[in-house]
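Fold and geometry: a report
Residue-level listing of the chains:
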Amino acid sequence: MPLVDMRDMLNHAYHNNYAVGGFGLINLDFLEAIVTAAEHCRSPVILNLVESHFEHFDFGLIMPAVEHAARNATVPVAIHSDHGTSHASAVRAINLGCNSVMMDASLESFPVNITQTRHVADMAHACGAAVEGELGYVGGGEGENAAKYPGEGVYTAAEEAKAYVERTGVDCLAVSIGTVHGRQRGRTKLDFGRLKRINDMLGIPLVLHGGSGLTEEQYHKLILNGIAKINCYTELSDIAARTIRSNLQPDTGKGYIETMLGVRDSLREQIKLCMHLWGSAGRAAEILVQCRPWQPVEHVIIYNTEGVSTQQVEAMC
Ligand SMILES: [Zn+2]
């Protein structure tokens, strides 16, 4: 049961003024830390698998563990494929067990972004999966994740966002209002007026990418203006790396296990902080009452369809 429909989860967050963390995971340390933190805080949580990270681990290999962790959690969990770049990658993510996909065509022109996202949304919705789109562009700052997002950011325009959501059918929208992927250079200036206009016009859960390292006041205002999902990876990556560096001081020839000692604990504590900061801590029970449990996608294969009309084939399903 605790693998739930992300639309229900985010709608609850949106209407109750808190945000669910979409925590980027790259290995089992991250997975265990995220789920343990959620259990400890009684918080809903989104397990984010970011397509640009797939060159560093085997997406197909890790997904059985991710799905197992989600199904065995006692808090609501959604599995989200982040920054997917094609229809094929969205199909693959759903086949592997994701129940939410992002189509990121944010660097394409407005009409192409709409066409590509609509194509993914039609497929994903037919499978019962949630869909996130992005309009505007969240560029990169500093740190290991930043280089994946070259160039300057482009702010989301409220009027375009309304047309985009209507024409693509996305369930939630990633907006660009001043954050960057990776570490921000200096203090982040957020365009709250723009966010408010977008929220007033759309009335659907909004997503913050580049959510690491903002102030408590900034998070609070973001959530009051429609941000219901906050993506977080860079802060976790930096904390894990700091733990490893301190384990190697002094470098006494430690092996792998000793070098990695404490990584999971430090990740878990940071994630717990986020869950309290963003208000998702303590909301698990309410969501479990209201959320549709996720039903696995069934694949039906029909043989010998030669000479049979499309309507007759559909009637067999
Ligand atoms: Zn992102």
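What comes next is a walk through the structure. Since the model is a prediction, treat every value here as computed from it, not as a measurement.

What about the coordination of the zinc ion?
Here the zinc ion is held by the protein donor atoms His 83 (NE2), His 181 (NE2) and His 209 (ND1), which lie 2.0 to 2.1 Å from it. Motif for the zinc ion, donor spacing along one chain: H-x97-H-x27-H. In this pair, His 83 is assigned in strand 3 (residues 77-84) and His 209 in the loop between strand 7 (206-208) and helix 8 (216-224), connecting sequence segments 126 residues apart.

A look at the side chain of Ser 176
Relative to the helices and strands, Ser 176 is located in the loop between strand 6 (172-175) and helix 7 (192-202). Overall, the relative accessible area of 2% leaves Ser 176 in the buried class. Of the polar contacts made by the side chain of Ser 176, one reaches the backbone oxygen of Tyr 137; its length is 3.0 Å. Aside from chain neighbours lying at most four places away, what touches Ser 176 is Leu 135, Gly 136, Tyr 137, Val 138, Val 154, Tyr 155, Thr 156 and Arg 194.

Here we look at the packing of helix 3 (residues 59-72) against helix 4 (residues 87-96)
Contact geometry for helix 3 and helix 4: axes closest at 9 Å, N-to-C directions at 40 degrees. Taken as axis vectors, helix 3 and helix 4 run oblique relative to one another. On the side of helix 3, the interface is formed by Phe 59, Gly 60, Met 63 and Glu 67, while helix 4 contributes Arg 92, Ala 93 and Leu 96. Here the residues of the contact of helix 3 with helix 4 sort into four nonpolar, one polar and two charged.

Quick word on the packing of aromatic side chains
Applying the stated criterion to the full structure yields five aromatic pairs. With 5.7 Å between their ring centres and 70 degrees between their planes, Phe 54 and Phe 57 make a pair best called edge-to-face. Residue Phe 57 is classed as buried on the basis of its relative accessible area of 13%. Where Phe 54 meets Phe 59, the ring centres are 4.0 Å apart and the plane angle is 15 degrees; that geometry is what we call stacked. You'll find Phe 54 and Phe 59 in the same group, each marked buried. Here the aromatic cluster, defined as three or more aromatic residues joined through ring pairs, consists of Phe 23, Tyr 219 and Trp 278. The positively charged end of Lys 221 is found above the aromatic ring belonging to Phe 192, 4.4 Å away from the centroid.

With respect to a nonpolar patch on the surface
Together, Tyr 256, Ile 257 and Leu 261 make up an exposed nonpolar region whose accessible area comes to about 410 Å². Counting through the fold element by element, Ile 257 comes out in helix 10 (residues 256-260).

Brief notes about the environment of Gly 97
Inspection of the secondary structure puts Gly 97 in the loop between helix 4 and strand 4 (100-103). On the basis of relative accessible area, Gly 97 is assigned to the buried category, the value being 10%. As a C-alpha pair, Gly 97 and Val 297 span 200 residues in sequence and 8.3 Å in three-dimensional space. Other than its neighbours up to four places away in sequence, Gly 97 contacts Met 63, Glu 67 and Ile 79.

Some words on the nonpolar core
Phe 23, Leu 49, Leu 173 and Leu 222 are the most contacted members of the largest nonpolar core, which has 77 residues in total. At eight residues, the largest contribution of residues to this core is made by helix 2 (residues 28-41). Those residues in contact with Leu 49, other than ones at most four positions away along the chain, are Leu 25, Phe 54, Phe 57, Phe 59, Ile 62, Met 63, Val 66, Ile 79, His 80, Ser 81 and Asp 82. Ranked by size, the runner-up nonpolar core spans 18 residues in total, among them Met 6, Ala 13, Tyr 14 and Val 20.

Let's talk about the pattern of salt bridges
Throughout the structure, instances matching the rule amount to 15 salt bridges. The residue Lys 148 makes a salt bridge to Glu 55 at a minimum N-O spacing of 3.0 Å. Separated by 93 residues along the polypeptide, Lys 148 in the loop between strand 5 (130-135) and helix 6 (158-168) and Glu 55 in the loop between strand 2 (45-50) and helix 3 bring together distant segments of the chain. Under the relative-accessibility criterion, Lys 148 is labelled partly exposed at 30%. Given a relative accessible area of 61%, Glu 55 falls into the exposed group. The closest approach of N and O atoms between Asp 191 and Arg 194, which form a salt bridge, is 3.0 Å. Judged by its relative accessible area of 24%, Asp 191 is partly exposed. Through salt bridges with shared partners, a single ionic network connects Asp 265, Arg 268, Glu 269 and Lys 272.

A word on the pairing of strand 3
Taken across its eight residues, strand 3 has eight buried, putting it largely inside the fold. Summarising the sheet, strand 2 and strand 3 pair through six bridges and their orientation is parallel. By the bridge assignment for strand 3, Asn 48 is matched with His 80. Handedness of the strand 2-helix 3-strand 3 crossover: right-handed. Each parallel crossover has a hand, and the one from strand 3 via helix 4 to strand 4 is right-handed.

Conventions we followed
- Residues numbered from 1 in each chain as written.
- Predicted model: local features only at pLDDT ≥ 70, side-chain atom pairs only at ≥ 80, totals over all residues.
- Heavy atoms only, no water.
- Donors = N, O, S within 2.8 Å, 3.2 Å for Na, K, Ca; no water.
- Helix = DSSP H or I, 4+ residues; strand = E, 2+ residues; numbered from the N terminus.
- Buried < 20%, exposed > 50% of the residue type's maximum accessible area, 1.4 Å probe, protein only.
- Polar contact = N/O pair within 3.5 Å; in protein donor to acceptor, adjacent residues only side chain to side chain.
- Contact = heavy atoms within 4.5 Å.
- Axes fitted to C-alpha atoms, helices over the stretch in contact; angles between N-to-C directions.
- Parallel < 35°, antiparallel > 145°, perpendicular 65-115°, else oblique.
- Nonpolar A, V, L, I, M, F, W, Y, C, P; charged D, E, K, R; others polar.
- Phe/Tyr/Trp six-rings, centres within 6.5 Å; stacked < 30°, edge-to-face > 60°.
- Lys NZ or Arg CZ within 6 Å of the ring centre and 35° of its normal.
- Patch = residues over 30% accessible without salt bridge, like charges linked within 9 Å, V, L, I, M, F, W, Y side chains within 5 Å.
- Areas by Shrake-Rupley, 256 points an atom, 1.4 Å probe, with all protein chains shown as cover.
- Salt bridge = Lys/Arg side-chain N within 4 Å of Asp/Glu carboxyl O.
- Core = buried A, V, L, I, M, F, W, Y, C linked by side-chain atoms within 4.5 Å.
- Pairing = 2+ DSSP bridges.
- Right-handed = clockwise from strand over helix to strand, strands pointing away.

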